[in-house]
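Reading the structure
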Amino acid sequence: MLSMTGYGRGEYREGGIELTVEIKTVNNRYLDVSVKSPRIFIAYEDVIRNIVREKLTRGRADVYIGFSDKRDKPRALYLDAAAAKAYADAARKIREMFPDAADDFSVISVLRYPDVVKTEDVACADDECVGALKIALGSALERLNEMRRTEGEKLKADMLSRMDVIEALVADVEKRAPLVAEGYKTKLEAKMKKILEGAEPDEGRLLTEVAVFTDKSNIDEELTRLHSHISQFRDICGEVLVGRKLDFLVQEFNRETNTVCSKSNDLEITRLGLALKNEIEKVREQVQNIE
């Protein structure tokens, strides 16, 4: 079982290349990968996302890449022609405004102006850089999944402990359910005697009313399904990617518990049903964090 929440960091430091990859994940219904990287890796963002998708199936993953290249390699000068022209046009207008001023505008002076000439690497993300990125990313994902597995085991232990509580509450409801019809019969008999001023009520009619009530308030099917859901929940927890399965199963838990509360017509069963709903909600909150 894997949690959707985790953090992993990977590094590569060889041959003048220093590269770090950090991945932070949180819960999300679907897989959403966001990449923040230096400009030289922009063309490889889809490659990064595909590598992440091989290790994650759900959650929001934020990938941060830090990069420094200290290798000796050819460099080139890039001329921003638009910026140079803008400076030249500005100088021409100033010359027209102040014709008596000394004109020291020259090609060399233009080269010194900001942003006219830029120094950049000839080769940006070469094969060595991309290889370093993949190594660091793989290391980050491995550490991320180690944390997610550890957190997933904690979530699993918590949910299974709550499943024990749910099973105990269901057992209490089962013990109480047979007494509901008997209690209804006693109350109905007392009420009929009061109405009939002490006379004995028609036993056949009384039993008919009790039978109708028992049929309407019968929750045997719901209790059987709850036991089945508990067993399935424990089995599913032994798998790896279980988030969607458990999410659906928790919905079924809620459906059966709501039916028990609506059909019981008994204060004690209603109280137990509300306690069940409370535990199920706690499990549901945990399930939202599971991949």
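The preceding data block contains the structure.
One numbering rule holds for all chains: residues counted from 1, following each sequence as written. Only residues with pLDDT of 70 or above have their local features reported here, since the model is predicted, and side-chain atom pairs are shown and tallied only from 80 upward, although totals for entire chains, interfaces and linings are computed over all residues. Side-chain descriptors were evaluated using all non-hydrogen atoms of the structure, hydrogens and water having been removed beforehand.

A carboxyl oxygen of Asp or Glu within 4 Å of a side-chain nitrogen of Lys or Arg is what we treat as a salt bridge. As enumerated under the stated definition, the model contains 22 salt bridges in all. Between Glu239 and Lys245 there is a salt bridge, with its nearest N and O atoms 2.8 Å apart. Connected through shared salt-bridge partners, Arg9, Glu11, Arg13, Glu18 and Glu22 make up one network.

When two helices pack together, their arrangement is captured by the angle between the axes and the distance separating the axes. It is at 10 Å that the axes of helix 6 (residues 220–236) and helix 7 (residues 243–264) come closest, and there the two elements cross at 160 degrees. Relative to helix 7, the element helix 6 lies roughly antiparallel. The hand of the helix 6/helix 7 crossing is left-handed. Residue-level inspection shows Glu222, Arg225, Leu226, His229, Ile230, Gln232, Phe233 and Ile236 of helix 6 in contact with helix 7, the latter providing Lys245, Leu246, Leu249, Val250, Glu252, Phe253, Glu256, Thr257, Thr259, Val260 and Lys263. In terms of residue class, the contact of helix 6 with helix 7 is built from nine nonpolar, four polar and six charged. For helices, the axis comes from a line fit to the C-alpha atoms of the stretch in contact; other axes are also lines fit to C-alpha atoms, and the angle between any two N-to-C directions lies between 0 and 180 degrees. Note on conventions: DSSP H or I runs of at least 4 residues are helices, E runs of at least 2 residues are strands, and numbering of each starts at the N terminus. Any angle that falls under 35 degrees is termed roughly parallel, while one over 145 is termed roughly antiparallel, one within 65 to 115 roughly perpendicular, and all others oblique. Handedness of a helix crossing follows the sense of rotation of the near helix relative to the far helix, less than a right angle counterclockwise being left-handed and clockwise being right-handed. Should any heavy atoms of two residues lie within 4.5 Å, those residues are considered in contact. Three categories are distinguished: nonpolar for Ala, Val, Leu, Ile, Met, Phe, Trp, Tyr, Cys and Pro, charged for Asp, Glu, Lys and Arg, and polar for the others, with Gly belonging to the last.

Time to look at the nonpolar core. General note: in soluble globular proteins, nonpolar side chains tend to be found buried as a group. In this description, a nonpolar core means a group of buried Ala, Val, Leu, Ile, Met, Phe, Trp, Tyr and Cys residues linked to one another through side-chain atoms lying within 4.5 Å. Throughout this description, buried means an accessible area under 20% of the type-specific maximum (1.4 Å probe, protein chains only), exposed means over 50%, and partly exposed covers the range between. Ranked by size, the top nonpolar core spans 28 residues in total, and within it Met159, Ile166, Phe233, Leu246, Phe253 and Val283 carry the most contacts. For this core, the secondary structure elements donating two or more residues are helix 4 (127–195), helix 6, helix 7 and helix 8 (267–287). Per-element tally for this core: the top contributor is helix 4, with seven residues. Discounting chain neighbours no more than four positions away, the residues touching Met159 are Met1, Phe233, Leu246, Val283, Gln286, Val287 and Ile290. Of all hydrophobic cores here, the second largest spans 23 residues; its members include Leu19, Ile23, Leu56 and Ala140.

Right, let's get into helix 2 (residues 81–97). Working rule for helices: expected span equals 1.5 Å times residues minus one. Along its 17 residues, helix 2 runs 25 Å from first to last C-alpha, staying within 8% of the 24 Å computed at 1.5 Å per residue. Turning to helix 2, its buried residues are Ala83, Ala84 and Ala91. One side of helix 2 holds all its buried residues, which, seen down the axis, span an arc of 100 degrees. Opposite the packed face of helix 2, turned more than 90 degrees from it, sit the exposed residues Ala81, Ala82, Lys85, Lys93, Glu96 and Met97. Read the arc as the range of directions from the helix axis to the C-beta atoms.

Turning our attention to the environment of Asn254. Mapped onto the elements, Asn254 comes out in helix 7. Residue classification places Asn254 among the buried positions, given a relative accessible area of 18%. Considering only alpha carbons, one finds Asn254 and Gly273, 19 residues apart in sequence, at a separation of 10.0 Å. Residues within four places of Asn254 in sequence aside, it is in contact with Lys277 and Ile280.

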